[in-house]
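Structural features, examined
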Amino acid sequence: MEWQPDEQGLQQVLQLLKDSQSPDTATQRAVQEKLEQLNQFPDFNNYLIFVLTSLKSEDEPTRSLSGLILKNNVKAHYQNFPPAVADFIKRECLNNIGDPSPLIRATIGILITTIASKGELQTWPELLPQLCNLLNSEDYNTCEGSFGALQKICEDSSELLDSDALNRPLNIMIPKFLQFFKHCSPKIRSHAIACVNQFIIGRAQALMDNIDTFIESLFALAGDEDCEVRKNVCRALVMLLEVRIDRLIPHMHSIIQYMLQRTQDADENVSLEACEFWLTLAEQPICKEALSGHLVQLIPILVNGMKYSEIDIILLKGDVEEDDNVPDSEQDIKPRFHKSRTVTLQHEGGEGEEGEDIDDDEDDDDDTLSDWNLRKCSAAALDVLANVFRDDLLPHLLPLLKGLLFHPDWVIKESGILVLGAIAEGCMQGMVQYLPELIPHLIQCLCDKKALVRSIACWTLSRYAHWVVSQPPDAHLKPLMTELLKRILDGNKRVQEAACSAFATLEEEACTELVPYLSFILDTLVFAFGKYQHKNLLILYDAIGTLADSVGHHLNQPEYIQKLMPPLIQKWNELKDEDKDLFPLLECLSSVATALQSGFLPYCEPVYQRCVTLVQKTLAQAMVRTHTCSYSSTCTSLDHNQYEAPDKDFMIVALDLLSGLAEGLGGHVDQLVARSNIMTLLFQCMQDTMPEVRQSSFALLGDLTKACFPHVKPCIAEFMPILGTNLNPEFISVCNNATWAIGEICMQMGVEMQPYVALVLPHLVEIINRPNTPKTLLENTAITIGRLGYVCPQEVAPMLQQFIRPWCTSLRNIRDNEEKDSAFRGICVMIGVNPGGVVQDFIFFCDAVASWVSPKDDLRDMFYKILHGFKDQVGEENWQQFSEQFPPILKERLSACYGV
């Protein structure tokens, strides 16, 4: 007997569906309670599917809503549905997939894929064969409804469909889908391509077996009049470029011609998909060869796509000039993620590590439209192509640029400024000759009457900051800084934001060049504190932190401290411990504390205490949560929510600020550490499950080791095994910081490191010999091996031959500094213990020694003794032969500095 609804029950459900469409919050709350009551009845879900599929008398939105509530129930507790209910729902779905209403068909499709993705594809064996069968139906609605459901299943379960678990249904499905590329209905053609597209990136075998048919079928649809079909064709070609470029290369010329047309398609969804093609092609080795002949056509198309559309301007309130008194709505503020502290070394000729920090992309200028759009995609494509073609791009661009940059229409002028910023990185060499006249023009654009022109000018100028700083300060730096500081106080929030970000970039480039203007800069930034709404305040913290990083101890002047600290401390006192705005403020204070050093002393006590409290609170919340859950193994979602997982970012940021304090205050931190339980907390943090927590713990351990080792020493026996286990290069940053901390501990422990050598040395030697290890980690590993050998040469020297070569190559580019000094002393001592260990790789040692600019006298003597000892050992004639292999520059340096 088929299930039938009870009239009274049905009325109750319909009333509920009507109420749930009411905007009133009280009604909504009542609806939620009622839903929870009704969910106690197993056949409540039967009513919901009945309204969706059979109650044709009701209006479509109500029927669809019934289906969506059922979908949520399936998501939440499908495993508790009685088998009879589950079977009834599945049957009804398949029987009604061809409902005349597109809305109802789509809702049923969503319901089917939700059931399927609850692991039900295995237990619903008839689903795929039936849907594929229904594709053959003469009835359009049935065919379209089945395809819609199949498309959703392909999206949700693509991996499962290509596995043995289901007996590889794709072998039947893909050829079937390909037949429908020729269907007379555009909607069906579009579904068919979308289904196949789900399997390109995963290289499903069934698709690879039919790849040529697929590509031919796509080409046949190139001229399709339906924009959804064109969009899916473009999307397919973009993915094939990544996965099967070998199959596209023979047709590349015509594909490029097609994509040039599509990038100008009247439908923005199509032009956006097509524009992705250039981004993807730029990453392929064949890009230069394939595109050189087409730049003439492509560049104007990309440039044209970089204009704001009319819709963009409306959404960006492009005509609103002053809005800085309007408070921000909370959903405008993107969540910020704290980047944990990583310890890096200074390099020759540059600050810190280059190339590991990903540059902010083109979207700095309009991120309230953070949706990817044609403007951003075109700008990103131009940026990557500039990096591929370098100055060869300019002949196609410069004639266009002049017309754009001086155009009377602000929309066109704005796009020209964006173009100039997009090519900054790739075409810098060729642009240099034009910058002396372009930079003043851009600085003028900072005063444009349109806010969107002012904001893009900020961004583009920041892309040329490196060049500006390389010129005499009065030429461009001073005028640029003066204007940017005015823009920081602009009446428009978007301009404030762009100016703050640009200023932070300028600070990083200019570093101590800014010292003469500090008073003026601080006045502006402090004034902005009182003026900014919520979102831009967060960016202002960053600009202040970057300023402190850039000028360092020059900030430690009473007049500067007087300006800067009161507003920061006032914010610090206003914010509660649970407030996420603490993140950027703590990061900022960390930089300020490191820069001010002893100047931060008057503020350190409350800041230190609060950081310790934040760590303690987070650890306590995490403990409560783990314990509650382990006691009740049947822990339902309800129990869990009572004890929210703590936001560990609070702890990470607090640990990083403590590191900043330890680094800035040095020995002065001693008293604070003595009066707190930070070492106990650190012991827990170092064992946290979250890698970022461990990463920051090890950075703090290293900083405390340098600042107040007597407090660390009693814990070493407990800490060293934990450090040893974290020498795992799977977590690069954790491993890096643990390695660095071990090196700092060596320098304090001296010969007492002996018991721990075996815990760490094998890991360090393995890491330094691993292929593809990031530079920073290699350098820190080499330093720590050197330091370990310096304090325990007898234990480490026997392994010399296993690490000397990578050790030398990874340290040759590091600047002369304390860390390098101690590491090289270690190597020299170890060579004394085991001279044989270096013989085969002696040329690498010579090269590393030559990388020193001015070693301390006693270190120079150590080098001298080893070089001459080796020369005497092998004899003049052999030495001559040996040194013939040296590059001339190395030969000269060794002969000049060490007389060999």
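Conventions used here
- Residues numbered from 1 in each chain as written.
- Predicted model: local features only at pLDDT ≥ 70, side-chain atom pairs only at ≥ 80, totals over all residues.
- Heavy atoms only, no water.
- Core = buried A, V, L, I, M, F, W, Y, C linked by side-chain atoms within 4.5 Å.
- Buried < 20%, exposed > 50% of the residue type's maximum accessible area, 1.4 Å probe, protein only.
- Helix = DSSP H or I, 4+ residues; strand = E, 2+ residues; numbered from the N terminus.
- Contact = heavy atoms within 4.5 Å.
- Axes fitted to C-alpha atoms, helices over the stretch in contact; angles between N-to-C directions.
- Parallel < 35°, antiparallel > 145°, perpendicular 65-115°, else oblique.
- Left-handed = near helix turned anticlockwise from the far one by under 90°.
- Nonpolar A, V, L, I, M, F, W, Y, C, P; charged D, E, K, R; others polar.
- Phe/Tyr/Trp six-rings, centres within 6.5 Å; stacked < 30°, edge-to-face > 60°.
- Disulfide = S-S within 2.5 Å.
- Polar contact = N/O pair within 3.5 Å; in protein donor to acceptor, adjacent residues only side chain to side chain.
- UniProt positions renumbered as here; feature names shortened; annotations may be inferred.
- pLDDT = per-residue confidence, 0-100.
- Expected span 1.5 Å × (residues − 1).
- Arc of directions from axis to C-beta.

1. Side note on the nonpolar core
Ranked by internal contacts, the top residues of the largest apolar core, which has 318 residues, are Phe214, Trp278, Phe600, Met753 and Trp807. Sorting elements by how many residues they give to this core places helix α36 (residues 649-665) first, with eleven residues. Residues within four places of Met753 in sequence aside, it is in contact with Met720, Ile742, Ile745, Cys746, Leu788, Val791 and Cys792.

2. Topic: the packing of helix α40 (residues 716-725) against helix α42 (residues 757-768)
The packing of two helices is summarised by the inter-axis angle and the distance between the axes. Two numbers describe how α40 lies on α42: the axes approach to 9 Å, and their chain directions differ by 20°. As the angle between them shows, α40 and α42 are arranged roughly parallel. In terms of crossing hand, the pair formed by α40 and α42 is left-handed. On α42, the residues touching Met720, Pro721 and Gly724 of α40 are Leu759, Val760 and His763. Residue composition of the contact of α40 with α42, by class: four nonpolar, two polar and no charged.

3. Details of the packing of aromatic side chains
Pairs of aromatic rings are described using the distance from one ring centre to the other and the angle between the two planes. As enumerated under the stated definition, the model contains 26 aromatic pairs in all. Centre to centre, the rings of Trp852 and Phe863 are 6.4 Å apart; their planes meet at 50°, and the pair counts as tilted. Here Phe863 lies in helix α48 (residues 857-874) and Trp852 lies in the loop between α47 (842-850) and α48, a separation of eleven residues in the sequence. Summarising the burial analysis for this pair, Trp852 and Phe863 share the class buried.

4. Quick notes on the state of the cysteines
Here the structure, examined in full by the defined rule, presents zero disulfides. This cysteine, Cys458, is not joined by any disulfide, and Cys500 carries the nearest cysteine sulfur, 9.6 Å off. With no disulfide partner, Cys604 has as its closest neighbouring cysteine sulfur the one in Cys611, 11 Å distant.

5. A look at the packing of helix α43 (residues 775-791) against helix α46 (residues 818-833)
Relative orientation of the contacting elements α43 and α46 amounts to 55°, with a least axis distance of 7 Å. As judged from the angle between their axes, α43 and α46 are oblique. The hand of the α43/α46 crossing is left-handed. For the pair α43 and α46, contact is made by Ala782, Ile783, Ile785, Gly786, Arg787, Gly789 and Tyr790 and by Glu818, Glu819, Lys820, Ser822, Ala823, Arg825, Gly826, Val829 and Met830, respectively. Of the residues belonging to the contact of α43 with α46, the class tally is seven nonpolar, four polar and five charged.

6. What about the environment of His534?
Mapped onto the secondary structure, His534 falls in helix α31 (residues 534-551). On the accessibility criterion, His534 (24% relative accessible area) is partly exposed. For the pair His534 and Pro327, spaced 207 residues apart in sequence, the C-alpha separation works out to 7.3 Å. Within the local environment of His534, its side chain forms a polar contact with the side chain of Asp581, the two groups lying 2.7 Å apart.

7. What to know about the side chain of Thr618
By the element assignment, Thr618 lies in helix α34 (residues 601-631). There is a polar contact of 2.6 Å between the side chain of Thr618 and the backbone oxygen of Leu614. Setting aside residues no more than four positions away along its own chain, Thr618 makes contact with Pro646, Asp647, Lys648, Phe650 and Met651.

8. So, the UniProt feature "domain: Importin N-terminal" (unreviewed entry) in the protein chain
Under the UniProt annotation, the feature "domain: Importin N-terminal" (unreviewed entry) is placed at residues 31-99. Helix makes up 71% of residues 31-99 and strand 0%, whereas the separation of the span's terminal C-alpha atoms amounts to 28 Å.

9. Some words on the confidence of the model for the protein chain
On average, residues of the protein chain score 90 in pLDDT, and 94% of them reach the 70 mark or higher. The low-confidence segment residues 349-369, where pLDDT is below 50, has 49 contacts with residues more than four positions distant or belonging to other chains. In this model residues 630-642 is a low-confidence stretch, pLDDT under 50, and it forms five contacts with partners more than four residues away in sequence or in other chains.

10. Regarding helix α30 (residues 518-531)
Compared with the 20 Å implied by 1.5 Å per residue over 14 residues, the 20 Å span of α30 between its first and last C-alpha is a close match. Those residues of α30 that fall on the buried side of the exposure criterion are Leu518, Ile521, Leu522, Thr524, Leu525, Ala528 and Phe529. All buried residues of α30 fall inside an arc of 160° around its axis, so they share one side. Of the exposed residues in α30, the ones pointing more than 90 degrees away from its buried face are Phe527 and Gly530.

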